[in-house]
Amino acid sequence: MAEGILDVVIVGGGPAGLTAGIYLSRARMKSVLVEKQGPGGSPALSERIENYPGFPEGISGFELVDRMRRQAENFGLEINAYNPLNSIKDEDGVKILEMDEGELRALGVIIATGMRPAPLGVPGEEEFLGKGVSFCATCDGAFFKDGTVAVIGGGNSAAEEALFLTRFAKKVIIVHRRDRLRAGKILQERVLAHPNIEVKWNKVVKEVLGKGTVSGLVLAGPEGGGEEEIKVDGVFLYVGNIPNTEPLKETVELDGNGFIVTDSDLKTSVDGIYAAGDVRSGAIRQVVVAVGEGARAAMAAQAYVDNIKGTAYI
Ligand code: NAP
């Protein structure tokens with residue numbers, strides 16, 4: 001791992017972090033990107049991304065982020081994968097990042113740790129995780145060939161993944177707690193027109209049923225009542241997200257939901273620490289926005305570091 005005091009450490013290897021990496025390594029800043037898993041972030045699990053400009057036929061999420069990774073590495077970015085961050089402290093302007101594998105010191109830090117899917121918190125969910133309960137249609141959809149699966153939630157993720165699951169399952173049941181989807185209009189149109197997708201409106205999951213693997217769900221109205229049991233072989237959960245900010249709780253200001261508060265330069269409450277992408281409070285959660293924020297945070301961090309080192313352009 002890199003030694004001495006780095007210019008910038010980027011934490012998180014999704015589109016925001018990788019873009020920051022491209023900009024910083026091209027600017028010849030001494031930078032390292034650390035990532036608790038492999039690089040890619042949540043878009044890597046998206047089967048197809050249709051709204052990233054420049055790809056009129058769409059592009060697989062994995063390929064898009066893999067291209068970003070290669071681009072960053074071509075400019076010399078060091079990527080330190082499978083090395084989770086535990087904490088960051090600031091000692092006289094030097095940021096000390098405690099990682100599972102040792103420590104990194106840097107003048108600037110960009111947090112681009114994104115978010116992860118939220119659990120439902122109902123009986124059976126944990127018990128059947130990996131045995132029919134999943135957060136990832138791209139990873140697990142093929143296990144349900146010719147089966148019936150439920151998708152919980154009404155946002156873009158639920159709609160996209162429900163459509164994807166129709167490739168395998170003979171029937172996909174979307175369970176949504178309201179009477180209309182939150183997903184964008186084009187996805188709504190596709191979902192509602194799909195012959196193999198049924199939507200259960202105004203229903204929430206009370207329990208995941210099964211013996212060894214999932215066999216069904218108990219549904220009810222959001223205020224209780226109207227209980228029913230449906231038979232499903234699998235259930236995919238898309239009921240929102242939790243920010244990956246646990247290691248930062250003591251370091252930077254977070255909003256009430258745990259997302260990082262920044263100013264218009266993407267600076268957090270600590271000088272020299274910036275945040276970009278989905279982890280930022282108020283972010284528009286789109287790959288194209290994360291990419292833009294990664295570039296912006298990189299340029300702000302570069303200016304900050306140049307200023308400290310006295311290498312800023314006059
Ligand atoms: P989301 O937009 O927060 O949607 C979560 C859905 O789950 C909502 O429909 C919500 O219902 C429902 N929900 C929340 N808690 C629930 C509970 N306890 N029980 C039942 N239902 C519950 O999350 P997301 O779909 O993962 O998307 C996250 C962000 O990424 C969004 O900003 C989204 O636009 C973006 N995204 C974009 C794309 C794209 O552009 N192609 C793809 C994926 C994600 P309500 O509607 O009633 O609140």
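Going along each chain's sequence as written, the residues are numbered from 1 onward. This being a predicted model, a pLDDT of at least 70 is required before a residue's local features are given, and a value of 80 or more before pairs of side-chain atoms are given or counted; all residues contribute to the totals for chains, interfaces and linings. For the side-chain quantities, the full set of heavy atoms in the structure was used; hydrogens and water were omitted.

Looking at an unreviewed UniProt entry, one finds the chain named Thioredoxin reductase, with Candidatus Solincola sediminis as its source organism. In UniProt, the chain has this text filed under Subunit (unreviewed entry): "Homodimer." UniProt positions are given in the numbering used here, feature names are shortened, and annotations may be inferred rather than shown by experiment.

Draft legend 1. Focus on the site of the ligand. Put simply, a residue is near a molecule or strand once any heavy atom of it comes within 4 Å of that molecule or strand. If you check the shell around the ligand, you find 18 residues, and the closest are Asn-156, Ser-157, Glu-160, Arg-178 and Arg-182. Within the side chain of Ser-157, one N or O atom sits 2.8 Å away from an oxygen atom of the ligand. Throughout this description, a polar contact denotes any pair of N or O atoms lying within 3.5 Å of each other; where both atoms belong to protein, one of them has to be capable of donating a hydrogen while the other can accept it, and for residues adjacent in sequence the pair is counted only when both atoms sit in side chains. A distance of 3.0 Å separates an oxygen atom of the ligand from a polar side-chain atom of Arg-177. Per-residue and other accessible areas were derived by the Shrake-Rupley procedure at a 1.4 Å probe size, with only the shown protein chains allowed to occlude residues. Contact with the protein chains covers 75% of the free accessible surface of the ligand, which is 910 Å². Here the nonpolar group is Ala, Val, Leu, Ile, Met, Phe, Trp, Tyr, Cys and Pro; Asp, Glu, Lys and Arg are the charged ones; every other residue, Gly included, is treated as polar. Taken together, the residues that form the shell around the ligand break down as 3 nonpolar, 10 polar and 5 charged. Marked domain ranges trace back to an automatic or database domain assignment. When residues of the shell around the ligand are assigned to domains, at least three fall in each of domain 1 (5-116 + 241-309) and domain 2 (119-237).

Draft legend 2. Seen up close, the pairing of strand β1 (residues 5-11). β1 sits mainly inside the fold: 6 of its 7 residues count as buried. At least two DSSP bridges between two strands are needed for those strands to be called paired. Every helix listed is a DSSP run of H or I at least four residues long, and every strand listed is a run of E at least two residues long, numbered separately from the N terminus. Strand direction decides the pairing type here: β1 and strand β6 (residues 102-111), joined by 6 bridges, are parallel. Note that in β6 the partner of Leu-6 across the bridge is Ala-106. Relative to strand β2 (residues 31-34), β1 runs parallel, the two sharing 4 bridges. Burial status follows relative accessibility: with a 1.4 Å probe on protein chains alone, a residue under 20% of its type maximum counts as buried, one over 50% as exposed, and anything between as partly exposed.

Draft legend 3. How the structure looks around the packing of helix α4 (residues 156-165) against helix α5 (residues 185-193). Orientation of α4 relative to α5, taken along the N-to-C sense of each, is 40°, at an axis distance of 10 Å. By the criterion of interaxial angle, the relationship of α4 to α5 is oblique. In terms of crossing hand, the pair formed by α4 and α5 is left-handed. Together, Asn-156, Ala-159, Glu-160 and Leu-163 of α4 and Leu-187, Arg-190 and Val-191 of α5 make up the contact between the two elements. Looking at the contact of α4 with α5 residue by residue, the class counts come to 4 nonpolar, 1 polar and 2 charged. Angular values range over 0 to 180 degrees, each being the angle between N-to-C directions of two axes fitted as lines to C-alpha atoms, with helices fitted over their stretch in contact. Note that the term roughly parallel is reserved for angles under 35 degrees, roughly antiparallel for angles over 145, roughly perpendicular for angles of 65 to 115, and oblique for everything else. Each crossing gets its handedness from the near helix: less than a right angle anticlockwise from the far helix is left-handed, clockwise is right-handed. In this analysis, two residues are considered to be in contact whenever any of their non-hydrogen atoms come within 4.5 Å of each other.

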